[in-house]
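# Fold and geometry: a report
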Amino acid sequence: MANKDDRAFHEPRDPDRRNLLLASLLAGAAGLSVAPAQAAVAPTDVKKLQKSKRYIVKNAIILTVDSAVGDFEKADMLVENGKIKAIAPSLSVSPETLVIDGTNRILIPGFVDTHSHSYQGLLRGLLPNGVVLPDYDRDIQKNITPHYTANDAYQGVLITALGFLDLGTTSMIDISQVSHSRAHVEANIQALKDSGMRSVFAMSRGIGADSQYPDGMNSLLPAYFSSQDQLLTPALAVSVEKDTFLSARQYGLKAVLHIRVNSAPLIALSQAGVLRDGDLFVHCAHLNKDAWKIIHDTGGRTSHSPVVEMAMGHGYPAIQDALDAGARPSLSCDHAATVGMDMFGMMRAVFDIQRLAIQQRQRNGEKETQKLLTCREVLQFATLNGARAAGLDHKIGSLTPGKDADFLMLRADDLSIWPLNNAYSAAVNLMSAGHIEGVFVAGKVKKWQGRLIDVDKAKVLREVAQSRDNVLQKAKFAIGLTA
Ligand SMILES: [Zn+2]
């Protein structure tokens, strides 16, 4: 579970605060202040927002996911040159600062998805009732993936990234299993850059003789990753073979490994001394206690894809195992061939399955069980833990002055949310992507008033459909819209 400090953080610190809240609710019940306040300023012009290097969100509810900063029932957040400059109940700013009205808006950090095979954006919903073995393995990995051209990889990654931004996911770890050639890798990277989202590119083994895995990193690192001050950072997807970890070590990269059910390979890798702090382990379903101790003791991070794991047969989501081992789980979609990429859905799944399991044990007579997850902990999984898993928690994952301004503005004065009684409950368990009013990456607006900015949607849809047709025709894979 979260440590005691984390758990205490979301309790009202001031015993009078709960009474104040009660008083304001009673005032509302007396008809004094029941309606959402009127906007204090005119709706912000998106063109002005795009140009602005300095803006302030006024009077918002702010869930910072930073225990040192705390949360705010009503505060202002100042953004300057892409970074969070200040958060406080009432900030005074110069008259030329652009003001965004945050009344009845909840600010949270942008979501971080820590395991996405983004090239599969072309294959959304392709396996409506699929399982990992045999369907996914046979149809997607063995049949369809080898037919991708570099342009198909570009189109798949681009639409995945744009979809993420639309859903409030501002960062992802892209585990590229389409690195068939240098051209494929460059197209994949270009799509990540063109999308405007923050991403970790984890090069994986491609298919065919032209794959440059892993030696291609030699020239990719100086060509694409020489700056620390950019949205794109590198990692290396590895297998259980020791040499792939040694390659990650050679290039100084985070190793990203799919592992589940069989703990023996992880134990062998540990004995070989190749694991390092920051390595990321994906799925982790049904690992034994020794494997979990290794993950904890070596500083490993974990990524869980609860929805895919439940639907497609990867195993029981290992959220409780991770918590028991002292790991800080992060969340991921894996791919969208069978279930979606939506972080709201993943937060809900984790909240529900952990609580179901614990309460079922209590119902069966167990007296000493772990605590039930809270909404606050689940929001941390989707944001700060994700940033930590991506090696980016010094930059993003919480609304902390000095960090990059990756954040979401959620609309609470909606017929499906109002009245707002608890912001954590609203953000984690009541909302969906339809409540996202604004998405910001490094201070830049990506979605405003519910619409993605600067995306030629018709062109993207047309080109993605062409690439989808291309790969499926070559793979002789028939789709049926109503099948
Ligand atoms: Zn995967």
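All of these numbers come straight from a predicted model, not from anything done at the bench. Every chain is numbered on its own, with residues counted from 1 as its sequence reads. Residues qualify for local features only when their pLDDT is at least 70, as the model is predicted, and side-chain atom pairs are given and counted only at 80 or more; totals for whole chains, interfaces and linings, by contrast, use all residues.

### Details of the overall build of the protein chain
To be explicit about the condition: Strands here mean DSSP runs of E at least two residues long; helices mean DSSP runs of H or I at least four residues long; both are numbered from the N terminus. Here the globule rule reads 2.2 Å times residues to the power 0.38, and the radius of gyration is calculated from C-alpha atoms. Field definition: a residue is buried when 20 or more other C-beta atoms are found within 10 Å of its C-beta, exposed when 12 or fewer are, and partly exposed for counts in between, with C-beta atoms placed from the backbone. Here contacts are defined at the residue level, using C-beta atoms placed from the backbone and a cut-off of 7 Å between them.
Looking only at helices and strands, the protein chain has 17 helices and 17 strands in total. For 483 residues, the compact-globule estimate of 2.2 N^0.38 gives 23 Å, and the protein chain sits close to it at 23 Å. Its C-alpha atoms put the protein chain at 70 × 60 × 50 Å along the principal axes. In the protein chain, which comprises 483 residues, the proportion classed as buried is 47%. Taking as baseline every contact in the protein chain between residues at least 6 positions apart, the subset at least 24 positions apart corresponds to 75%.

### What about the nonpolar core?
Let me state the cut-off plainly: Throughout this description, the term nonpolar core refers to a group of buried Ala, Val, Leu, Ile, Met, Phe, Trp, Tyr and Cys residues whose C-beta atoms join them within 7 Å. What fixes the domain bounds is an automatic or database domain assignment.
Counting 134 residues, the largest nonpolar core has M77, L107, L236 and V256 as its most contacted members. In terms of residue count, helix α5 (residues 150-166) provides more of this core than any other element does, nine residues in total. Formed jointly, this core draws a minimum of three residues from each of two domains, domain 1 (4-27 + 39-108 + 397-452) and domain 2 (111-389). Every residue in contact with L236, bar those within four places of it in the chain, is listed here: A202, M203, P214, M217, S247, A248, Y251, L253, A255 and V256.

### Focus on unusual backbone geometry
Geometrically, the link from L133 to P134 is a cis peptide bond, its omega value of 10° lying close to zero. Along the chain, P134 falls in helix α4 (residues 132-144). Residue W418 is joined to P419 through a cis peptide bond whose omega torsion reads 0°. One non-glycine residue, D334, lies in the positive phi region at around 75°. Among the secondary structure elements, D334 is positioned in the loop between β13 (330-331) and α13 (343-363). Residue class for D334 comes out buried when judged on the 28 C-beta atoms lying within 10 Å of it.

### Section: the sheet that holds strand β12 (residues 301-304)
Filter applied, for reference: Any two strands with at least two DSSP bridges between them are considered paired.
The strand order β6-β7-β8-β9-β10-β11-β12-β13 describes an open sheet built from eight strands, whose pairing is parallel. Two strands close off the open sheet at either side, each with one partner strand: β6 (111-116) and β13. Relative to β13, β12 is paired through two bridges, and the arrangement is parallel. If you follow S303 over to β13, its bridge partner there is S330.

### Quick notes on the packing of α13 against helix α14 (residues 375-382)
Our working rule: Each axis is a line fitted through C-alpha atoms, taken for helices only over the stretch in contact, and angles between the N-to-C directions span 0 to 180 degrees. By definition in this entry, angles of less than 35 degrees are roughly parallel, angles greater than 145 are roughly antiparallel, angles of 65 to 115 are roughly perpendicular, and the rest are oblique. For any helix crossing, the convention is left-handed if the near helix is rotated counterclockwise from the far helix by under a right angle, and right-handed if that rotation is clockwise. Residues were grouped as follows: Ala, Val, Leu, Ile, Met, Phe, Trp, Tyr, Cys and Pro as nonpolar; Asp, Glu, Lys and Arg as charged; and all remaining residues, including Gly, as polar.
Packing of α13 against α14 leaves a shortest axis separation of 10 Å and a crossing angle of 135°. Viewed along their axes, α13 and α14 adopt a mutual orientation that is oblique. Like other packed secondary-structure pairs, α13 and α14 cross with a definite hand, here right-handed. Only C375, V378, L379, F381 and A382 of α14 make contact with α13, whose side of the interface consists of M343, M346, M347, V350 and F351. Broken down by class, the residue content of the contact of α13 with α14 amounts to ten nonpolar, no polar and no charged.

### Focus on the packing of helix α9 (residues 264-271) against helix α10 (residues 289-297)
At a minimum axis distance of 9 Å, the contact between α9 and α10 shows a crossing angle of 45°. Considering their axes alone, α9 and α10 lie oblique with respect to each other. Here the hand of the crossing between α9 and α10 comes out left-handed. When α9 is examined against α10, the residues L266, I267 and S270 are found in contact with a partner set consisting of D290, A291 and I294. Of the residues in the contact of α9 with α10, the class split is four nonpolar, one polar and one charged.

### Considerations on the environment of D404
Looking at the secondary structure, you find D404 in the loop between α15 (384-389) and β14 (407-411). Accessibility expressed as a C-beta count within 10 Å gives 26 for D404, which makes it buried. In this structure the C-alpha to C-alpha distance between D404 and L323, which are 81 residues apart in sequence, comes to 28 Å. Apart from the residues within four sequence positions on either side, D404 is in contact with G82, K83, K395, I396 and A442.

### Notes on α13
Just so we agree on the cut-off: Helices are assigned an expected span. That span is 1.5 Å times one less than the residue count.
In this model α13 runs 30 Å from its N-terminal to its C-terminal C-alpha over 21 residues, within 8% of the 30 Å that 1.5 Å per residue would give. Among all positions of α13, only M343, F344, M346, M347, A349, V350, F351 and Q354 are buried. In the stretch just after α13, G365 is the one whose phi turns positive, near 105°.

### Focus: the pairing of β12
The two faces of β12 match: R301 and S303 on one face and T302 and H304 on the other face are all buried. Bridge analysis of strand β11 (residues 280-283) against β12 gives three bridges, and the strand direction is parallel. When the sheet's bridge partners are listed, L280 is paired in β12 with R301.

### Focus on the domain arrangement of the protein chain
Parsing the protein chain into structural domains produces domain 1 (4-27 + 39-108 + 397-452) and domain 2 (111-389). Between the C-alpha centres of domain 1 and domain 2 there is a distance of 29 Å. On the side of domain 2, 28 residues touch domain 1, which itself brings 24 residues to the contact. Elements that contribute at least two residues to the side of domain 1 that touches domain 2 include exactly α16 (423-430), β15 (436-441) and β16 (444-448). Among the residues making up the side of domain 1 that touches domain 2, the classes are represented as 14 nonpolar, six polar and four charged.

### Examining the confidence of the model for the protein chain
We count it as follows: pLDDT measures how confident the predictor is about each residue, on a scale from 0 to 100.
Within the protein chain, residue pLDDT values average 92, and 92% of them lie at 70 or more. Ignoring residues within four places in sequence, the model shows residues 1-40, a span with pLDDT below 50, making 27 contacts including any to other chains.

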